[in-house]
Amino acid sequence: MSTLLEIEPETAEILASQARALGLSIDEYLRTLIARTNERAEEKPFYQSATPQELAQAYVEWVASHRPSSHVVLDDRREVIYGDDER
């Protein structure tokens, strides 16, 4: 069964050139694109598929990837934050 799709000529040329570069017909090339899209859609994000231990390890690695802060401690007194001298 064949179906006619209406696409812009520039889009058709891009598809044809990419298919040729891979040695595929346009139909085969489109099928590989669809298969890749379906694979990505089925993949769960790390936070949904990771075990608690894997999440903890990822967090430890993330923390270790940041340099420790050694700059001045902020003054968090009310008068500094709000610019008043009232108590």
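Located above this text is the structure these notes cover.
Residues numbered from 1 in each chain as written. Predicted model: local features only at pLDDT ≥ 70, side-chain atom pairs only at ≥ 80, totals over all residues. Heavy atoms only, no water.

**Details of the overall build of the protein**
Link 1 in the chain: Scanning the protein for helices and strands turns up five helices and zero strands.
Link 2 in the chain: Overall, the protein shows an N-to-C arrangement of helices and strands of α-α-α-α-α.
Link 3 in the chain: Relative to a compact globule of 87 residues, whose C-alpha radius of gyration would be 12 Å, the protein shows 28 Å and is clearly more extended.
Link 4 in the chain: With the principal axes as the frame, the protein shows a C-alpha extent of 80 × 35 × 25 Å.
Link 5 in the chain: For the protein, buried positions account for 8% of its 87 residues.
Link 6 in the chain: As presented, the protein carries roughly 8,500 Å² of accessible surface, and 56% of it is formed by carbon and sulfur atoms. (Helix = DSSP H or I, 4+ residues; strand = E, 2+ residues; numbered from the N terminus. Rg over C-alpha atoms; globule rule 2.2 N^0.38 Å. Buried < 20%, exposed > 50% of the residue type's maximum accessible area, 1.4 Å probe, protein only. Areas by Shrake-Rupley, 256 points an atom, 1.4 Å probe, with all protein chains shown as cover.)

**A few points about the pattern of salt bridges**
Link 1 in the chain: By the definition in use, this model includes four salt bridges.
Link 2 in the chain: Here Arg31 and Asp27 are joined by a salt bridge, their closest N and O atoms 3.0 Å apart. Placement of the pair is Arg31 and Asp27 together in helix H2 (residues 26-42), with a separation of four residues, close to one helical turn.
Link 3 in the chain: Notably, a salt bridge pairs Asp75 with Arg77, separated by 2.5 Å at the nearest N-O pair.
Link 4 in the chain: Residue class for Asp75 comes out partly exposed when judged on its relative accessible area of 36%. (Salt bridge = Lys/Arg side-chain N within 4 Å of Asp/Glu carboxyl O.)

**So, the side chain of Glu79**
Link 1 in the chain: Mapped onto the fold, Glu79 is located in helix H5 (residues 78-82).
Link 2 in the chain: Using a relative accessible area of 14% as the deciding quantity, one classes Glu79 as buried.
Link 3 in the chain: There is a polar contact of 3.1 Å between the side chain of Glu79 and the side chain of Arg77. (Polar contact = N/O pair within 3.5 Å; in protein donor to acceptor, adjacent residues only side chain to side chain.)

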